[in-house]
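Structure assessment
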Amino acid sequence: MDYQFYDTYSNTKKSFTPLDASNVRMYVCGPTVYDYAHVGNARPVIVFDIVYRMLNLKYGAEHVTYVRNITDVDDKIIEASNSLNEDISTLTERTINYFHDDASYVGALQPNVEPKATDHIPEMINIIEKLIKKNHAYEADGNVLFAVNTFDKYGNLSGKSLEDLIAGSRVEVANYKKNPADFTLWKPSKANEPGWDSPWGKGRPGWHIECSAMSEKYLGQTFDIHGGGQDLTFPHHENEIAQSESCNDKKFANFWMHNGFLSIEGEKMSKSLGNFITINELKDTYQGEVIRFNMMLTHYRQPLNWTEKSLLDSKKTLDKWYKIIGTYDKPLASKSDLISQKMLSALADDVNTPQAIAELHQLYKVANDGDVDALEIFYNSCQFLGILISDYNSWSSWQSKTMDIDENLINGLIEKRNEARSAKDFPEADRIRDELLNLGVILEDKDNKTTWKLK
Ligand code: AMP
Ligand code: ZN
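Residues numbered from 1 in each chain as written. Chains lettered and ligands numbered in written order. Predicted model: local features only at pLDDT ≥ 70, side-chain atom pairs only at ≥ 80, totals over all residues. Heavy atoms only, no water.

A word on the sheet that holds strand 4 (residues 64-68)
The strands making up a sheet associate through hydrogen bonds between their backbones, and the pairing can be parallel or antiparallel. Here we have four strands laid out as an open sheet, ordered 4-3-9-10, and parallel in their pairing. Because the sheet does not close on itself, it has two edges, and the strands there are strand 4 and strand 10 (253-259). Geometrically, the sheet is characterised by an average inter-axis angle of 20° between neighbouring strands, direction not taken into account. In the sheet, strand 3 (residues 24-28) pairs with strand 9 (residues 223-229) via three bridges, with the strands oriented parallel. Paired with Val28 across the two strands is Gly227, which belongs to strand 9. (Pairing = 2+ DSSP bridges. Helix = DSSP H or I, 4+ residues; strand = E, 2+ residues; numbered from the N terminus. Axes fitted to C-alpha atoms, helices over the stretch in contact; angles between N-to-C directions.)

A few points about the coordination of the zinc ion (ligand 2)
With distances of 2.0 to 2.7 Å, the protein atoms coordinating the zinc ion (ligand 2) are Cys29 (SG), Cys211 (SG), His236 (NE2) and Glu240 (OE). Positions of the donor residues of the zinc ion (ligand 2) along the chain correspond to the pattern C-x181-C-x24-H-x3-E. Of this pair, Cys29 sits in the loop between strand 3 and helix 1 (39-59) while Glu240 sits in helix 7 (residues 233-248), placing them 211 residues apart in sequence. Look at Cys29 and you get buried, because its relative accessible area is 10%. (Donors = N, O, S within 2.8 Å, 3.2 Å for Na, K, Ca; no water. Buried < 20%, exposed > 50% of the residue type's maximum accessible area, 1.4 Å probe, protein only.)

Quick word on the site of ligand 1
The environment of ligand 1 is made up of 16 residues, and the closest members are Gly40, Gly229, Asp231, Leu262 and Met269. Separating a nitrogen atom of ligand 1 from a side-chain N or O atom of Asn259 is a distance of 3.3 Å. Note that a nitrogen atom of ligand 1 is positioned 2.8 Å from one of the backbone N or O atoms of Leu262. Here ligand 1 has 490 Å² of accessible area as a free molecule, and 89% of this is covered by the chains. When residues of the shell around ligand 1 are traced back to their parent elements, those giving at least two are helix 1 and strand 9. Here the shell around ligand 1 gets three residues from one element, more than from any other, and that element is helix 1. (Near = heavy atom within 4 Å. Polar contact = N/O pair within 3.5 Å; in protein donor to acceptor, adjacent residues only side chain to side chain. Areas by Shrake-Rupley, 256 points an atom, 1.4 Å probe, with all protein chains shown as cover.)

Have a look at this one:
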């Protein structure tokens, strides 16, 4: 089956042909490890896990290399280590463990390689030296900068012109830069910061060079897919292309895949905005498959609005799906050739997970009418997507530690409150609002509609 993926670089959906079918290669930018990851960070973990499963299925797991790096040197890490008064390596190791727990909670397979930036400093220095030799980079005050005007294609990925970038970066330009849009490859470290010896003195790498070095080491100078969140398109991925292509005179990645943003209450979920929910804090409330399923209901390139309501709906669907498998009287065969072709065609069309799930709903209906073949296909197709992987008894006996939600009760109370408001009985309406608040439910009235979320 032909796979089509949307490539951000060419802005088109293209047919996927690997450079080498015996070693299909994908690199995805991983987390910066200084704190718990939030639900937005789980989106690329889940999206590229599905791409990885698709590649494994088509080319064979032994012919696919998936690399997801760990950024363990960064300003934010230094800041967190200072404010927590915790040694940097203790902080990063602790956070990497959290991240692994979170990734397995949402059912993501382990990538084949998970390189850490701090283990690859010599490789980074090597690329920087080559860039200086080729006049793509220059040293200034212990910093090494990439000269963007030496790379014709600069701005092609993000669709920005160099003139616009220069105009946009004038505000806080360091005076050692030849061109305001030049970016850092290496910078000096202060006495209390992590640093490595280099030809330019004790210092540390810029963020972008890390991924150029680690992808080249594990995947070669040119590879098939480079992925990450949409926010990384510029400057991170633009700069990775500039570094790697200037260094090697070869195309860097054949496909650029970017997931859209996850927002909460219409606002991008991010640490700096403070409106984030960590993956860890969901663990007491939902099984990881609920998070995974909920994420798959939206196409990966679309924005995703995170709501409690859709999590509860996802949980209900999975309860229903688990039941049909768990109450079937024979063990079901687990076979990859029993995966629904219709579901795979949906995925082959730029990882259309909502369509894939629609196909599963159809299969469920047929299976529920007693068709055992459909039941086996349904089961195997779900497993392929990383759902219905738990044992039925442990799934059905799982208890949320944080809530005992009765949606009918909530909706009934909202209805009563609306009646009270229509009858202008505001004290009663307020009393019901408080009653819900006591149950941990917050109401929001907008455009004549009342929605609710958990406290
Ligand atoms: P970070 O640790 O901030 O470098 O982010 C790790 C990954 O999560 C990157 O691929 C980001 O693009 C992605 N990411 C961060 N915030 C969100 C969000 N709100 N929605 C989707 N992806 C995100
Ligand atoms: Zn990266």
